[in-house]
Amino acid sequence: MRLLLVGFGVVGQSLVKLLLSRSTDLHKLYGVNPRVVACIDSHGSAVSTAGLDLQRLLEAKRLLGSVGGYDRSKPNYELPSLIEKADAEIVVELTPTNIDSGEPGISNIVASLKSGKHVITVNKGPLALAFPSLLELANYNDVKLRFSGTVGGGTPILEFAKRSLKGDNILSFRGILNGTTNYILSKMEQGLEFNDAFNDAKLNGYAEASSLLDIDGFDAAAKLVIMANWIMGMKVTIKDVYRRGIGDINLTDVKRANKAGKAIKLIGKCENRRLCVEPTELSNTDPICVNGTLNAVTFCSQHSGDHTIIGQGAGGSPTASAVLRDLIDIRTALLL
């Protein structure tokens, strides 16, 4: 399968490393032989119809800061012309999340779908803002749109609900959908003030210098929208989510909850088809009351009761594994 990588940051590079290490067993187990024929980042592009040398691609990025250094004898392409002209079957859209406009992700995904290419993305912005229309466009053009890495990173939250529980009727779900805020709140349980816990998260690489997407609940809300659309069959965007972040939670609140045998967590939930993200006091015995950077979701189903899935919600390698999972899923679907 011929791939075009749009964006070559942490996840893109992790994906290429994964393809290098798993090429033999991917073909043996799944009949998948991925070939990256084009890659573009913010400073250049690399194209080869025969397939790019992945080790050389990584070296160009590491040494020169861009895949544009892969072969300087060839011209650099720009989007969306590369998407339209590249001899690829699947576009892997890995640009940074933009909750305000969804760009450039939305334009990249739309151009890919219109050109008859399947799309795999880990970009939450386009799906948070335009999930129903993007899925409709994919169906209209008879191509696949996959996005398992947008929720839970490498933890198969979407697959668990969509496949493992498909014989049941999911009534509602709730969970911790953002690892950064969960880490901060966990540190506050250990006695740190909010600002100290936030700085600790930055020091350990769990939060960016500006993390309003996390702190204000936008990241969790975006994931909630994706889950509601994909799992519950709703047609909603991030504007349909009631959202309150953790910025006003202080150490006194956390200590008071602890004395009552509870913990404050930023919870996203879908109940009675209403979507909400807000700090919530959970019993310490609640299955989703996990600490650190873990994500956890409980699905309430009609016939088999509650099911909880827990795992790491972010990181280059786990998210890259989700992209690979989507790639295998598309390959399998095409063979049916």
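This is a predicted model, so every value here is computed, not measured. (Residues numbered from 1 in each chain as written. Predicted model: local features only at pLDDT ≥ 70, side-chain atom pairs only at ≥ 80, totals over all residues. Heavy atoms only, no water.)

1. Regarding the overall build of the protein
Stage number 1. When helices and strands are tallied, the protein shows 12 helices and 12 strands.
Stage number 2. In terms of overall dimensions, the protein has C-alpha extents of about 65 × 45 × 35 Å along its principal axes.
Stage number 3. Taken across its 336 residues, the protein has 53% of its residues classed as buried.
Stage number 4. Long-range contacts, defined as pairs at least 24 residues apart, comprise 69% of the intrachain contacts of the protein with a sequence gap of at least 6.
Stage number 5. Charge-centre separation for the protein: the mean point of 37 positive side chains lies 3 Å from the mean point of 34 negative side chains. (Helix = DSSP H or I, 4+ residues; strand = E, 2+ residues; numbered from the N terminus. Buried < 20%, exposed > 50% of the residue type's maximum accessible area, 1.4 Å probe, protein only. Contact = heavy atoms within 4.5 Å. Lys, Arg positive; Asp, Glu negative; His and termini not counted. Charge placed at Lys NZ, Arg CZ, Asp CG, Glu CD.)

2. Some points on the side chain of N178
Stage number 1. Its place among the elements puts N178 in the loop between β7 (170–176) and α7 (179–189).
Stage number 2. Of the residues examined, N178 reaches a relative accessible area of 4% and is grouped as buried.
Stage number 3. Separated by 2.8 Å, the side chains of N178 and D219 make a polar contact. (Polar contact = N/O pair within 3.5 Å; in protein donor to acceptor, adjacent residues only side chain to side chain.)

3. Describing the pairing of strand β12 (residues 305–312)
Stage number 1. Two elements, strand β11 (residues 294–301) and β12, share 8 bridges in a ladder whose sense is antiparallel. Across the sheet, the residue bridging to V297 is I309, located in β12.
Stage number 2. From the end of β11 to the start of β12, which pair antiparallel, there are 3 residues. (Pairing = 2+ DSSP bridges.)

4. A word on the environment of Y242
Stage number 1. Along the chain, Y242 falls in strand β8 (residues 241–243).
Stage number 2. A relative accessible area of 47% means that Y242 is categorised as partly exposed.
Stage number 3. C-alpha of Y242 to C-alpha of G116: the two residues are 126 residues apart in sequence and 36 Å apart in space.
Stage number 4. With residues up to four places along the chain from it excluded, the contact list for Y242 reads L275, C276, V277 and E278.

5. What about empty space enclosed by the protein?
Stage number 1. By the definition in use, this model includes 2 cavities of 30 Å³ or more.
Stage number 2. Considered as a void within the structure, the largest cavity measures approximately 60 Å³ in volume.
Stage number 3. As for the largest cavity, its lining consists of S45, A46, V47, Y70, D71, K74, P75 and Y77.
Stage number 4. In terms of residue class, the lining of the largest cavity is made up of 5 nonpolar, 1 polar and 2 charged.
Stage number 5. For the second largest cavity, the calculated volume is near 40 Å³.
Stage number 6. Lining the second largest cavity are L3, L15, L19, V92, I120, V323, L324 and L327.
Stage number 7. Sorting the residues of the lining of the second largest cavity by element identifies α1 (10–30) and α12 (316–335) as the ones contributing at least two each.
Stage number 8. Ranked by residues supplied to the lining of the second largest cavity, first place goes to α12 with 3 residues.
Stage number 9. Residues belonging to the lining of the second largest cavity are distributed by class as follows: 8 nonpolar, no polar and no charged. (1 Å grid on protein atoms, 1.4 Å probe; cavity = no way out; pocket = protein on both sides within 12 Å on 5 of 7 lines; lining within 4 Å. Points joined across faces, edges and corners; volume = space filled by probe spheres on them. Nonpolar A, V, L, I, M, F, W, Y, C, P; charged D, E, K, R; others polar.)

All quantities given are derived from atomic positions and should not be read as evidence of function.
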